[in-house]
Amino acid sequence: QSIKALKVLQSAIEKNPCNSDAYTALGGMYSRLKQPKEAIHYYTKSMEYMPIEEHEEVLFDIAFEYQNLRQFKKALQFLLKIIDTSPQNEMAMFEIGLCYSELDQDKEAIIFFEKYLDEFPYSYIGWFNLANCYMKQGNYDKAIFAFDYSTIINEFFPAAFYGKANGYIQKEEYEKAILVLNETFALEQPHSFAYCTIGECYEKMNNLDRAQHYYEKSIEIDKQYADAWIGLGIIYKMKKEYDKSLKHLNIALNLNENDLDAINTKAEIFEITGQFEKAIACYADLVTKDTSDEDAWFNYGSLLARNKMANDAIDILEIGFEMTNSAAILYKMASISFEFEEYGSALLYLEEGLETFPKEIDKFYDYYPNYSQDEKINKLLSKYLKK
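My aim in this report is to walk through the structure given alongside it, one point at a time. This is a predicted model, so every value here is computed, not measured. (Residues numbered from 1 in each chain as written. Predicted model: local features only at pLDDT ≥ 70, side-chain atom pairs only at ≥ 80, totals over all residues. Heavy atoms only, no water.)

Here's the deal with the overall build of the protein
At step 1: Within the protein one finds 23 helices and zero strands.
At step 2: In terms of C-alpha radius of gyration, the protein reaches 28 Å, well past the compact-globule figure of 21 Å for 387 residues.
At step 3: Counting only C-alpha atoms and orienting by the principal axes, one finds that the protein spans roughly 90 × 50 × 45 Å.
At step 4: A buried classification covers 47% of the 387 residues belonging to the protein.
At step 5: Across the protein, the fraction of contacts at a sequence separation of at least 24, relative to all contacts at a separation of at least 6, is 45%.
At step 6: For the protein, the exposed surface amounts to about 20,900 Å²; the carbon and sulfur share of it is 48%. (Helix = DSSP H or I, 4+ residues; strand = E, 2+ residues; numbered from the N terminus. Rg over C-alpha atoms; globule rule 2.2 N^0.38 Å. Buried < 20%, exposed > 50% of the residue type's maximum accessible area, 1.4 Å probe, protein only. Contact = heavy atoms within 4.5 Å. Areas by Shrake-Rupley, 256 points an atom, 1.4 Å probe, with all protein chains shown as cover.)

A few points about unusual backbone geometry
For residues other than glycine, phi is negative in most cases, and the peptide bonds are mostly trans.
At step 1: A positive phi angle is found at K308, which is not glycine, with a value near 65°.
At step 2: Positioned with a positive phi, N325 is a non-glycine residue whose angle comes to about 50°.
At step 3: By the element assignment, N325 lies in the loop between α19 (310–324) and α20 (327–339).
At step 4: Taking the relative accessible area as the measure of exposure, N325 reaches 48% and is therefore partly exposed.

Focus: the pattern of salt bridges
At step 1: Throughout the structure, instances matching the rule amount to 15 salt bridges.
At step 2: Among the ionic pairs, K171 bridges to D141, the shortest N-O distance being 2.5 Å. Here K171, found in the loop between α10 (158–170) and α11 (174–183), pairs with D141, found in helix α9 (residues 140–153); they are 30 residues apart in sequence, far enough to count as distant.
At step 3: Salt bridges linked by common partners bring D141, K171, E173 and K176 together as one network. (Salt bridge = Lys/Arg side-chain N within 4 Å of Asp/Glu carboxyl O.)

A look at α10
At step 1: Helix length check: α10, at 13 residues, gives a terminal C-alpha distance of 19 Å against a target of 18 Å (1.5 Å per residue), a fit within 8%.
At step 2: For α10, the buried fraction is high: 10 of the 13 residues fall into the buried class.
At step 3: Every buried residue of α10 is accounted for by P158, A160, F161, Y162, G163, K164, A165, G167, Y168 and I169.
At step 4: Turning to α10, the residues buried within the fold contact α8 (124–137), α9, α11 and α12 (192–204). (Expected span 1.5 Å × (residues − 1).)

Quick look at the nonpolar core
At step 1: Y331, M333, L350, L354, I361 and F364 are the most contacted members of the largest nonpolar core, which has 80 residues in total.
At step 2: Per-element accounting of this core gives the leading share, nine residues, to α20.
At step 3: The contacts of L350, once residues within four sequence positions are left out, are Y331, A334, F338, I361, F364, I377 and L380.
At step 4: In terms of nonpolar packing, the next biggest core, distinct from the first, is built from 53 residues, I62, Y100, L130 and Y134 among them. (Core = buried A, V, L, I, M, F, W, Y, C linked by side-chain atoms within 4.5 Å.)

Below you can see the structure in the form of structure tokens.
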């Protein structure tokens, strides 16, 4: 039927080459067929034959097609054209924020939104977008300030409340985050994400019973919400109820077999309970799923070393260092090699660490506290740390 519709529209254009509606319809057809380049061509053509005041909807269509192509710079150009003629278009402002985010152009975005807010200070979306830019930069105080303005202007805009709560979470001000999250319950039906986030805040505050309560409320709403099951698994681990912890973590993994937090927590439990083969299997799974996980490589190698598998530990840590360029992993290799009296490689690892990460030498001191009794180590330390 799509092919038939395309033929009909092409025929309409042949009869009337100035038929803007036919070009727009063709663009829509190609969009539905997931052929964005063809869609853009016909949308662009349609604007040649329609009054300029009708361009706005087509500019949106073109911008969305460029987003589908992940050409966010081009999409942004068309969205800015909409703002030029319709400066308070909320949908365009949302999409502009998204494009800047995808382009990682936070500085440029901040300049744009601050200038925009100078002219339109009551734009709650403008403040919201500005806040998100500050969040990406790690400027949480300014982000919270901007989210706050967004909520004052539009008190029925939950996304700004969640953003503000996240700002407080990043600042480790968990009680304030909980207060803000509770405000969202007056705006919309409580959902699993909000309850789970409150649970995480209580977990960070070491209030395990309250955390458990909110994780359970999250699951009551959505039994498929893996994060809440993981949260319960972590709470039971902290309470040293390891069987219950594993049960809940396995439920999370049944929902999402690639959940790294669940696998990592299982590895920690197996390690605590002396089930080293299972812990090793979990760490092996972790580093396969995420080769950039520095902690997983470190813990994997450390566990092997504790089980007198020094060569295997070094092999794993070597790969981990290649993947992460981690000072911790490099100094750990040095300490393991010294412990197992592999002095040649140990001194090489230590020297490489001193050349590459001299400011992080404290890691080596922590991993190998006997360093001060070794003359060769002290000689090497003196040589590099005096530079």
